[in-house]
Amino acid sequence: MKNIDRRNFIKKTALTGAGMSLGRLFSSYSSNDVLFEPNDRYMGGFKAPKLDTVRIALIGVGARGSSHAIQLASIAGTEIIAICDLYEDLAKSSAVKCTHIGKGLRHKHIGTYYGDEDQWKVMLEETKPDAVFIATNWNNHALMAIATMKKGAHAFIEVPIAVTLEEMWEIVFASEQTQKHCMMMENVNYGREELLYLNMCRQGVIGELLHAEASYIHDLREQMYNVDRGTGSWRTYHYAKRNGNLYPTHGLGPVAQYMNLVRGEDNFSSIVSFSTLALGRKYFAEKNFPKAHKWNQINYTGGDLNTSIIKTTMGRTIMIQWDETSPRPYTRHNLIQGTKGTLAGFPTRVSLEGGVEGVTEDHHNWVQGDHLEKIYEKYEHPLYVRLGKLSEKMGGHGGKDFMMLFRIVECLRQGEPLDQNVYEGCFWSAVSPLSERSVEQGGAPQVFPDFTRGEWKRTHPLTIIK
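Residue numbers restart at each chain and count upward from 1, following the sequence in its written direction. Where totals are concerned, whole chains, interfaces and linings use all residues; where local detail is concerned, this predicted model gives features only for residues with pLDDT of at least 70, and gives and counts side-chain atom pairs only at 80 or more. The basis for every side-chain value is the complete set of heavy atoms in the structure, and neither hydrogens nor water enter the calculation.

Is there a simple way to explain the sheet that holds strand β6 (residues 182-184) in this structure?
Think of a sheet as strands paired side by side through backbone hydrogen bonds, with each pair either parallel or antiparallel. Following DSSP output, two strands are said to pair if at least two bridges run between them. To qualify as a helix, a DSSP run of H or I must reach at least 4 residues; to qualify as a strand, a run of E must reach at least 2; elements of each kind are numbered from the N terminus. Judged by pairing direction, the sheet is parallel, and its six strands sit side by side in the order β3-β2-β1-β4-β5-β6 without closing on themselves. The two strands at the open ends of the sheet, each matched to only one other strand, are β3 (111-113) and β6. Between one strand axis and the next, the sheet turns through 20° on average, direction left out of account. Pairing of strand β4 (residues 131-134) with strand β5 (residues 154-157) involves four bridges; the strand directions are parallel. The partner of phenylalanine 133 across the bridge, within β5, is phenylalanine 156. All axes here are fitted lines through C-alpha atoms, helices being fitted over the stretch that makes contact, and every angle between N-to-C directions spans 0 to 180 degrees.

Right, here's the structure in full:
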């Protein structure tokens, strides 16, 4: 960066949540000030050089990362070269499975690193992978992704991309400076319903888009039994101490791409957020753990359910809810409303002005269940047509995981832009710290920092991939 100290820049831009816009921020600098040299380092639509074989390393192979390892090993054009985890048994178990998948032709010399919190750094230095897949504690995501890119590899991170706005800015700068991809792996964007709705939105079936609703309602209190090892051992502290929407991207990612947010048409503008009382996890701990247990020594302050509303640059609205505590059925909601109809999820259902031929006569009745076949026949996303059956066979959240990983490898091998860029990962994840700040301030609006610095206007919408 020229004429602007990066640390001061990041600190100042973090203030946007308190009402300072980047436009006002940049107005204090002269026209000679630039953000990076040269100006073609913007990563929207970035194409990396083709890789005939993608040499892959993984950091974190617990419940999530181990599944990634197996599926990546199954995709043609990959070579698993290294696996790192804190625990020896996890690292070695995943290595054995990948070697077995390779059948003596691939994944023959997998280095395993374990036992020390810094072994992932040794792995990056010794193996020099092309791509690194990171599935660790949220607090490590930014640190590991930035180091990965600085070591010359593309970074693929489990959700969220980072925890703080400052970390997100650091990720953006690292990606731009190194010219390496950094993608947050939002698998829900590859669900059959989500791909269907994306295709329908692109074809203008529901007219001009007005409003979306997105949720992640998933009772995960059982994770608290992972006391010393596993997801609950570290997530519990996030849920106890942070008050906002801590996991927004599963619902938000798909509707953001329906609306072309951060991609030429529209962008995130501001957010307001409110949380309920914090009761559920306290009661669960009291009921299921001894009085002296550490889960009963925590002061739970994070609300059980958070509701946030985003306003976009164009004036559209998005309602987002998050609740991983309450006893209720799983849902991501996934609703997109336009001037000519509405598409909704859980269950999948469609309402179109004038009805759907042969099914409904008007928009007052949903098309759902078996009647959806007419919708699928006409609007099934071509990516699902090509990969749907294989993805369902390979599994991973109904095939979403495999399709996502397949597309990552395909894009790297073909030198094509990824389906999700670094800026989308940051905008979607920024909901968490901004919602926390809004809740703390009684629901006061928080302005999204523009991680693209205005460049989103020249980013093409995600194409309907064949």
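Text resumes after the structure shown.
Where do I start with helix α9 (residues 231-241) in this structure?
For an α-helix the count is 3.6 residues per turn, leaving residues at separations of three or four pointing the same way. Three exposure classes are used, based on accessible area relative to the maximum for each residue type with a 1.4 Å probe and protein chains only: buried under 20%, partly exposed in between, and exposed over 50%. Across the eleven residues of α9, eight count as buried, placing the element largely inside the fold. Residues of α9 that are buried include every one of Gly232, Ser233, Trp234, Arg235, Thr236, His238, Tyr239 and Ala240, and no others.

Even after reading the chapter, I still don't get the sheet that holds strand β12 (residues 341-344), so can you show me in this structure?
In spatial order, the strands read β14-β13-β12-β11-β7-β10-β9-β8-β15; together these nine strands make up an open sheet with mixed pairing. Both edges of this open sheet fall to β14 (367-368) and β15 (446-447), since each of them pairs with a single strand only. Where strand β7 (residues 209-217) lies against strand β10 (residues 317-323), seven bridges are found, and the strand directions are parallel. Looking at the pairing, glutamate 213 lines up with methionine 319 of β10. By definition in these notes, contact holds between two residues if any of their heavy atoms fall within 4.5 Å. Packed onto the sheet, helix α15 (residues 422-440) meets β8 (268-275), β9 (306-312), β10 and β15 and runs at close to 50° relative to β8.

Please clarify how the packing of aromatic side chains should be interpreted in this entry.
How two aromatic rings sit relative to each other is set out by the distance from centre to centre and by the angle between their planes. Only Phe, Tyr and Trp rings are paired, with Trp represented by its six-membered ring, and only when their centres lie within 6.5 Å; those with planes under 30 degrees apart are stacked, over 60 edge-to-face, the remainder tilted. A complete count under the given rule lists 19 aromatic pairs for this structure. With a centroid separation of 4.9 Å and 15° between ring planes, the pair formed by phenylalanine 133 and phenylalanine 156 is classed as stacked. Here phenylalanine 133, found in strand β4, pairs with phenylalanine 156, found in strand β5; they are 23 residues apart in sequence, far enough to count as distant. A relative accessible area of 0% means that phenylalanine 156 is categorised as buried. Aromatic side chains tyrosine 237 and tryptophan 295 sit 5.3 Å apart centroid to centroid with 70° between the ring planes, which places their arrangement in the edge-to-face category. A residue pair is termed long-range when its members are at least 10 positions apart, and tyrosine 237 in helix α9 and tryptophan 295 in the loop between α11 (280-288) and β9 qualify at 58 residues. By relative accessible area, which is 37% here, tyrosine 237 ends up partly exposed. An aromatic cluster is defined as three or more aromatic residues linked by ring pairs; in this entry it consists of Trp138, Tyr216, Trp234, Tyr239, Tyr247, Trp322, Tyr330 and Phe346.

Structural measurements only, silent on function.
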